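What follows is the residue order along each chain.
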Amino acid sequence: MSSHSDNAHSDNEMWSVFKRLMIYVLPMKAMFIMAVLGLLTYGAVDAAFIAFIKPFIDQGFGAAPVVAGVELPTHGGFNANTDIMMMAPFVVVGMFTLRGLANFVSTYCVSYMSAQLIMDMRQQVFEHYLRLPVSYIDRENSGNLISRVTFDTEQIARASGSALISIVRDSMTVVGMLAIMFFYSWKLSLCILVIGPLMGIVISIVSKRFRKVSKQIQSAMGGVTATTEQMIKGHKNVLSFGGQETEMARFFEVNDKNRHQNMKLAVAQSVSQPVIMIIGSFALAFVLFAASWESMQTDLTAGTFTAILGAMMAMLQPIKNLTRVNAEFQRGIAACTTVFELLDTPAESDTGTHEVNRVQGHLQFKGVSFSYPEQEKQALNLIEFDVKPGKTIALVGRSGSGKSTIANLITRFYGGLSNGDILLDDTSIYDYKLKNLRNQVALVSQQVTLFNDTIANNIAYAYPGEATREQIINAAELAYAMEFINTLPEGLDTQVGENGVLLSGGQRQRIAIARAMLRDAPVLILDEATSALDTESEKAIQKGLDNLRHNRTSVVIAHRLSTIESADEILVIDQGKVIERGVHKELITQDGVYASLYQMQFGS
């Protein structure tokens, strides 16, 4: 019973996926109709060619010429009707020209639709990634995410293209051939109907297998992408630790898994085709056997028999194609299912309606508690603080104490507080429109993301409107970045390489500060912006940061306490709770956690 309901479920799923896929094809109705007409013509010409065999043989070779009602004697061993024989070459050339034209139209239209489908789907998946919550991207393996954009969309288009060609053209051919056979001799043709259901059973068993294996191939492909990406990102580490063998072994494992899944598909494919061929051969054998019966021979002429045999032979290839397309089609349906599951993942919630041009920057945390999705333990526990516009609050504490979580909540990277509220200018940040809220905040973190572009374009990244050259230079000067930019061969137009590999850590950091300068947001978050730098870079960056913090509400997360001595308030956070608060001098005299951290960094 359960297998029956599973089958029904998988068929329903297949239909719903298929219907949803048609939404992408609808805008290309004209192309679709032309493709179908081309494919129908192609199949019809094939059928017409076989139909033409009977009169050609029976009348062209078999019949004696008749003149004035008198049958003339013939010479040369068989009768020939010259009219039919003369006409035949023109008919053949005409038919194949039409077939060639139909083939061109259908192939072009199907290729056009496939290419457009891949483009639309890729665009949609890519745009959906940009709307997904941070927590989703954190959980997912990046190889799988890339594989959806590259491999899965390709699979869908290839499958739908070849499926359309085969389903329309080969079905037309099969139907045409069956019609010819029944028209010429329904008795002989009934043999086929015995075989049909058997073929249907084989095809349905095989398609279930195809779909299952295709899903496994997709996840195996994601593994290959992820392992490659990991190695490329960690290339230096791999070399310095001599991890080549480890990486080779790891890649071999995922690569072999991918091969193994592909072989499963190949086995299913290579078994199904011969089985169908063998079933077909029984039908053929039965026709040959039946043709020897006397009751049959009264109806049969040489032409009829040849046409029926020809039609049966001509049907085998399309039937074979239809079983093969099944594999492609199932692979496409499996890819569709994963892509649609991704597209159905809810985007970041954005129910806020409040919008302002520029906030004052009054930031308050009121009894905020928060835990990450799928984690029991609270990351923050009743956090309270109040930062007046233009003031600076610093967060200090061990790694994993919850400092970065506070920064991530201000920009609403993670939704849903379990308690309390965060206010910006006395309005809950959850009431702001998401884009508007993030426009009020500039973030400089230790993980600087630079794009493979020029320094100027990296500074002006996503700047609303057009940033002038003067604005970019001004921002770079305030960030003390022009010092090193001027020494580069092409200055601001120097390409930085992927993620800024051609620049040092300090240089990347200063570009990030310049980007925040240019953005000129009223609220600033500095997430350990100086943690990975040498003393000289740090001094330059510290000056840049002081310029940046000027007249802005700043939340500074710091490891180096020297950078926050001047903060208006310092919170010491441990395990998601505020355990000390005050200004630098007060905290030193309290002789608590902050004082001991300070002593560790600076001695007595």
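Rules used in this analysis
- Residues numbered from 1 in each chain as written.
- Predicted model: local features only at pLDDT ≥ 70, side-chain atom pairs only at ≥ 80, totals over all residues.
- Heavy atoms only, no water.
- Phe/Tyr/Trp six-rings, centres within 6.5 Å; stacked < 30°, edge-to-face > 60°.
- Helix = DSSP H or I, 4+ residues; strand = E, 2+ residues; numbered from the N terminus.
- Buried < 20%, exposed > 50% of the residue type's maximum accessible area, 1.4 Å probe, protein only.
- Pairing = 2+ DSSP bridges.
- Axes fitted to C-alpha atoms, helices over the stretch in contact; angles between N-to-C directions.
- Patch = residues over 30% accessible without salt bridge, like charges linked within 9 Å, V, L, I, M, F, W, Y side chains within 5 Å.
- Areas by Shrake-Rupley, 256 points an atom, 1.4 Å probe, with all protein chains shown as cover.
- Salt bridge = Lys/Arg side-chain N within 4 Å of Asp/Glu carboxyl O.
- Core = buried A, V, L, I, M, F, W, Y, C linked by side-chain atoms within 4.5 Å.
- Contact = heavy atoms within 4.5 Å.
- Expected span 1.5 Å × (residues − 1).
- Bend = angle between axes of the 7 residues up to and from the residue.
- UniProt positions renumbered as here; feature names shortened; annotations may be inferred.

Describing the packing of aromatic side chains
Applying the stated criterion across every chain yields a total of ten aromatic pairs. Plain terms: the ring middles of Phe104 and Tyr108 are 6.3 Å apart, the flat faces sit at 25° to each other, and that makes the pair stacked. Residue Phe104 and its partner Tyr108 are located together in helix α3 (residues 82-131), separated by four residues, close to a single helical turn. When its relative accessible area of 47% is taken as the criterion, Tyr108 is described as partly exposed. Seen from their ring centres, Phe451 and Tyr461 are 4.4 Å apart, and the 20° between their planes marks the pair as stacked.

As for the sheet that holds strand β10 (residues 553-557)
By definition, the strands of a sheet pair up through backbone hydrogen bonds, in either a parallel or an antiparallel sense. One open sheet accounts for six strands, arranged β8-β9-β10-β5-β11-β12; its pairing is mixed. Strands at the two margins of the open sheet, each flanked by one partner only, are β8 (441-445) and β12 (577-582). Strand-to-strand, the axes of this sheet are offset by a mean angle of 15°, without reference to chain direction. Pairing of strand β5 (residues 392-396) with strand β11 (residues 569-574) involves four bridges; the strand directions are parallel. The partner of Ala394 across the bridge, within β11, is Ile570.

A look at a nonpolar patch on the surface
On the surface, Met263, Val267, Val271 and Val275 cluster together into a nonpolar patch covering about 320 Å² of accessible area. Mapping Met263 onto the fold places it in helix α8 (residues 244-290). Met263 sits in the partly exposed class, given a relative accessible area of 43%.

As for the nonpolar core
Core analysis: the biggest nonpolar cluster contains 45 residues, and Ile459, Ile472, Ile485, Leu548, Ile564, Ile570 and Tyr594 have the highest contact counts within it. No other element matches helix α16 (residues 505-519), which puts seven residues into this core. With residues up to four places along the chain from it excluded, the contact list for Ile472 reads Ala456, Ile459, Ala460, Ala467, Leu492 and Leu518. Counting 33 residues, the second-largest nonpolar core is a separate cluster that includes Ile53, Ala268, Met315 and Ala327.

Let's talk about helix α10 (residues 302-343)
One turn of the α-helix equals 3.6 residues, which is why residues spaced by three or four share an orientation. Compared with an ideal rise of 1.5 Å per residue, which puts 42 residues at 62 Å, α10 spans 60 Å between its outermost C-alpha atoms and is within 8% of the ideal. In terms of burial, α10 is a largely internal element, 30 of the 42 residues being buried.

A few points about unusual backbone geometry
Positive phi, close to 60°, is recorded for Arg412, a residue that is not glycine. Arg412 sits in the buried class, given a relative accessible area of 7%. Here the phi dihedral of Asp591 falls at roughly 60°; this positive angle occurs in a residue that is not glycine. Locating Asp591 in the fold gives a position in the loop between α18 (584-590) and α19 (593-602). According to the relative accessible area criterion, Asp591 is exposed, its value standing at 61%.

Regarding helix α5 (residues 142-184)
In this model, α5 (43 residues) spans 61 Å end to end at C-alpha, consistent with the 63 Å of a helix rising 1.5 Å per residue. Along α5, the sharpest kink reaches roughly 45°, centred on Arg148.

Observations regarding the UniProt feature "transmembrane region" (unreviewed entry) in the chain
In the UniProt entry, the feature "transmembrane region" (unreviewed entry) is given for residues 21-45, 87-113, 190-207, 274-293 and 299-316. Helix and strand shares over residues 87-113 are 100% and 0% respectively, and the end C-alpha atoms of the span are 39 Å apart.

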